[in-house]
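# Observations on chain architecture
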Amino acid sequence: MAGKETLKDLEKVARSLRRDIIEMLTAAQSGHPGGSLSATDILAVLYFHEMRIDPLNPDWADRDRFVLSKGHAAPALYAALAHRGYFAKKELITLRKLGSNLQGHPDMERVPGVDMSTGSLGHGLSVAVGMALAGKTDGKTYRVYALLGDGEINEGMIWEGAMAAAHYKLDNLVAIVDSNGLQIDGPTATVMNTAPLSDKWSAFGWQVELADGHDFESLTQALNGLRQNRGRPGVIIARTVKGKGVSFMENKAEWHGVAPNRELADRALAELADPKGDLSYD
Amino acid sequence: MTNLADRIPPKGKKVALREIYGLTLVELGKDNGDVVALDADLSGSTKSSKFARAFPDRFYNAGVAEQNMIGMAAGLAACGKIPFASTFAVFATGRAFEQIRNSVACPRLNVKIVASHAGVDVGEDGASHQAIEDVALMRVLPNMCVLVPADAIEIGQMVYAAAAWDGPVYIRMGRSPVPTIFDDGYTFVIGRAKIVRRPQEGLADVTLIAAGSMVVHCLEAAKRLREEGLEAMVINCSSVKPLDKETIIMAARESGAVVTAEEHSVIGGLGSAVAEVLSESYPVPMAFIGVKDRFGQSGKPAELMEHYALSAEEIVRAAVQVAAVRRTS
């Protein structure tokens, strides 16, 4: 897979990733479907369109970096990496099993293509700031992407990182907030209201782009907009649907951290089948 | 390192270890372009400010945000840098503990955390600023190397050793000036304890195992013990982790009794580490000199050391007690 997929191809890629996410979680009988499915289209755009990476050379010094700060969306990241050619797709089914490289949350020492171990919420933006600082210090042109959850940004450390990124004028850094509106205990608006989100990031000195996190044109537009950005970091607030693509999971906080049984998985897979039976990205 | 020689005071004269840390970091920065430094608004106190002045493009102030500092250090390390992150020991290991655990130790990132103002020697600032649990917090983390320098010679070598070590390192320093103990010939090696006073073979009645500011007190205690007819072996155990088990077991065999001494809680630090080794391999009567499960308070550093029984006198008292019941077979 070349990595410069057309927007139409990205739909097939994302559907394929979603099917794998369902299969992985069902095999593991644990994990986080809601936030994996809300982030899938964002990961598809990053790994199959936006980022300068080489799956055959995962440690390439000039590669773009990605930090999955919302580490519980690991299944979506693993699916993207496997489909992009970092490791064999058949390994996906080992998710969360004893001895597997595919730990419940990403482990950079075990998985080629994982640029940072994550899982504890709030860490990833600061790490991405460090990576972007290293790039600036060395005069490198790589970009750093961090995917945050909209519940995750309750963490104070996120705002420490946000402050530092603007202070150091890191225009090589892009944060994306997977804004699905739900966290474990319920709607973000009732658990811990972070509105007005755009104003917060603006006030911290970031360029803010709004996007539909399931619309590839909207996402690429936002990413392109931030490429023109000079002297400050950029954030995309991507409006998403938790559990996107599986009707009975959509917008349901209870699907944050439970895996479907086989019967429900089959229903989900039927909904995610390619309408034309095209399995070219499977 | 050579440029530093004239900055290290002769034996017996005092200098603050953070001063030598700052100077050494600059020398290291000249030798190795991958070395960068971070601080959390305390660079004037930790002396990372010396590096900041020498290499402004390789120094990153995180502001009063220790968690972010450790996260940034992890990101820098993930991109091939060798970050030295400094602040006070309480905030480095306490405030940012979980960042160190999950973003540094677990992925084995090459971050060096060098903290100053450890122990009650912080003085007047009181309990909130006196780290007495930092060694315990860092020692419990897999992949973490924990080092406690005793003097200027040792901190200088330790900074270089930490840079050469592939993985996370924690170094804790005090605030006050401490006397130089070792001479130029001293060599610090990670994972090796140093016998700094060795009675003739077969004559040791007790072993004093110390780190940091307590090494000099153990040497003083050994002199006084001799006056009381007891011969003490003294070990500088600056590498708390990895621990030099062989030397510790050898010393216990030879002397039959052990006193540990550290400017840290008696729970979880050097004393615990030594006890873990000996109770499994060669149990001997032990005594623990350290802060006895309580917080510090304001006072002058010397007064506080006395108040918390961190003195040669207390080491002597403990040594006499364990030597009386020492293991002889």
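Residues numbered from 1 in each chain as written. Chains lettered and ligands numbered in written order. Predicted model: local features only at pLDDT ≥ 70, side-chain atom pairs only at ≥ 80, totals over all residues. Heavy atoms only, no water.

## A few points about the overall build of chain A
Assigned secondary structure in chain A consists of nine helices and seven strands. Against the compact-globule benchmark of 19 Å for 282 residues, chain A has a radius of gyration of 17 Å, which places it among compact chains. When burial is assessed residue by residue, chain A has 60% of its 282 residues classed as buried. Accessible area for chain A stands at about 10700 Å²; split by element, carbon and sulfur atoms hold 51% of it. Here chain A contributes 31 positive and 36 negative side-chain charges, whose respective centroids are spaced 2 Å apart. (Helix = DSSP H or I, 4+ residues; strand = E, 2+ residues; numbered from the N terminus. Rg over C-alpha atoms; globule rule 2.2 N^0.38 Å. Buried < 20%, exposed > 50% of the residue type's maximum accessible area, 1.4 Å probe, protein only. Areas by Shrake-Rupley, 256 points an atom, 1.4 Å probe, with all protein chains shown as cover. Lys, Arg positive; Asp, Glu negative; His and termini not counted. Charge placed at Lys NZ, Arg CZ, Asp CG, Glu CD.)

## Some points on the overall build of chain B
Across its full length, chain B holds 13 helices and 14 strands. Taking 20 Å as the expected radius of gyration for a compact globule of 329 residues, we find that chain B reaches 19 Å, a close match to that expectation. Dimensions along the principal axes, computed over C-alpha positions, put chain B at roughly 60 × 40 × 35 Å. Each of the 329 residues in chain B was classed as buried or not, and the buried ones make up 64%. Total accessible area on chain B stands at roughly 12200 Å², and carbon and sulfur atoms take up 50% of it. Side chains of chain B carry 34 positive and 38 negative charges; the gap between the two charge centres is 1 Å.

## Observations concerning helix 9 (residues 262–271) of chain A
Residue and element names in this part refer to chain A. Buried residues of helix 9: A265, A268 and L269, and no others. Projected down its long axis, helix 9 carries its buried residues within an arc of 100°, all on one side. Exposed side of helix 9, more than 90 degrees from the buried face: E263 and A270 are the residues found there. Lining the buried residues of helix 9 we find helix 1 (7–28). (Arc of directions from axis to C-beta. Contact = heavy atoms within 4.5 Å.)

## Looking at the packing of aromatic side chains
Taken as a whole and judged by the stated rule, the model has nine aromatic pairs over all chains. With a centroid separation of 5.6 Å and 80° between ring planes, the pair formed by A:Y47 and A:F66 is classed as edge-to-face. Here A:F66 lies in strand 1 (residues 65–68) and A:Y47 lies in helix 2 (residues 33–50), a separation of 19 residues in the sequence. On the accessibility criterion, A:Y47 (2% relative accessible area) is buried. When the ring of B:F88 is compared with that of B:F91, the centres are 6.2 Å apart and the planes differ by 20°; the resulting orientation is stacked. With respect to class, B:F88 is no different from B:F91; both count as buried. Cation over ring: B:R58 sits above B:F55, and NZ or CZ is 4.2 Å from the ring centre. Here the basic side chain of B:K194 rests over the ring of B:Y186, its NZ or CZ set 5.1 Å away from the ring centre. (Phe/Tyr/Trp six-rings, centres within 6.5 Å; stacked < 30°, edge-to-face > 60°. Lys NZ or Arg CZ within 6 Å of the ring centre and 35° of its normal.)

## Quick notes on the environment of A:S179
All names here are of chain A. In this fold, S179 is placed in strand 3 (residues 173–179). On a C-alpha basis, the gap between S179 and K169 in space is 24 Å, while along the polypeptide they are ten residues apart. Excluding residues within four positions of it along the chain, S179 makes contact with D150, L197, I237, A238, R239 and T240.

## Considering the domain arrangement of chain B
Residue and element names in this part refer to chain B. Under the domain assignment used here, chain B contains domain 1 (9–179) and domain 2 (194–328). The distance between the C-alpha centroids of domain 1 and domain 2 comes to 26 Å. In this complex, domain 1 contributes 31 residues to the contact, which on the side of domain 2 involves 33 residues. Around 2200 Å² of area is buried between domain 1 and domain 2 when both sides are counted, 58% of it from carbon and sulfur atoms. Its largest share of buried area at the contact with domain 2, domain 1 owes to V120, I132 and R139, together 32% of the area lost on that side. Our count for the contact surface shared by domain 1 and domain 2 stands at one salt bridge. Here R139 makes a salt bridge to E276, at a shortest N to O gap of 2.8 Å. Those elements that provide at least two residues to the side of domain 1 that touches domain 2 are helix 7 (134–139), strand 6 (145–147) and helix 8 (152–164). (Domains from an automatic or database assignment. Buried area = accessible area lost by both parts, 1.4 Å probe. Salt bridge = Lys/Arg side-chain N within 4 Å of Asp/Glu carboxyl O.)

## Brief notes about the pairing of strand 2 (residues 144–149) of chain A
Residue and element names in this part refer to chain A. For strand 2, the buried fraction is high: six of the six residues fall into the buried class. The two faces of strand 2 match: V144, A146 and L148 on one face and Y145, L147 and G149 on the other face are all buried. Strand direction decides the pairing type here: strand 2 and strand 3, joined by six bridges, are parallel. Bridge assignment links L147 to a residue of strand 3, and that residue is I176. In this view, the connection linking strand 2 to its parallel neighbour strand 3 by way of helix 5 (residues 156–167) has right-handed handedness. (Pairing = 2+ DSSP bridges. Right-handed = clockwise from strand over helix to strand, strands pointing away.)

## Some thoughts on the side chain of A:H32
Assignment of secondary structure puts A:H32 in the loop between helix 1 and helix 2. What A:H32 contacts, discounting residues up to four positions off in sequence, is A:L25, A:H72, A:R96, A:H105, A:H256 and A:G257.

## A look at the interface of chain B and chain A
Contact residues are listed per partner, giving 24 residues for chain B and 23 residues for chain A. Across the chain B/chain A interface, buried area totals approximately 1900 Å², and carbon plus sulfur atoms make up 59% of it. A:E109 is paired through a salt bridge with B:R108; the nearest N and O atoms lie 2.6 Å apart. Linking chain B with chain A are nine residue pairs in polar contact (both at pLDDT 80 or more), by the criterion used here. Those elements that place two or more of their residues in the side of chain B that touches chain A are strand 3 (59–61), helix 4 (66–78) and helix 6 (97–105) of chain B. By residue class, the composition of the side of chain B that touches chain A is ten nonpolar, eight polar and six charged. (Polar contact = N/O pair within 3.5 Å; in protein donor to acceptor, adjacent residues only side chain to side chain. Nonpolar A, V, L, I, M, F, W, Y, C, P; charged D, E, K, R; others polar.)

## Observations concerning the side chain of A:T220
Residue and element names in this part refer to chain A. Mapped onto the elements, T220 comes out in helix 8 (residues 216–227). For T220, the side chain forms a polar contact with the main-chain oxygen of F216, separated by 2.8 Å. Polar side-chain contacts of T220 include one of 3.0 Å to the backbone oxygen of E217. Ignoring sequence-local partners within four residues, the contact set of T220 consists of L7, V45 and H49.

## Things to note about the packing of helix 2 of chain A against helix 8 of chain A
All names here are of chain A. Running from N to C, helix 2 and helix 8 cross one another at 60°; their axes reach a closest spacing of 10 Å. Taken together, the axis directions place helix 2 and helix 8 in an arrangement best described as oblique. When the axes of helix 2 and helix 8 are compared, the crossing they make is right-handed. Along its contact with helix 2, which presents D41, I42, A44, V45, L46, H49 and E50, the element helix 8 presents F216, L219, T220, L223 and R227. Grouping the constituent residues of the contact of helix 2 with helix 8 by class yields seven nonpolar, two polar and three charged. (Axes fitted to C-alpha atoms, helices over the stretch in contact; angles between N-to-C directions. Parallel < 35°, antiparallel > 145°, perpendicular 65-115°, else oblique. Left-handed = near helix turned anticlockwise from the far one by under 90°.)

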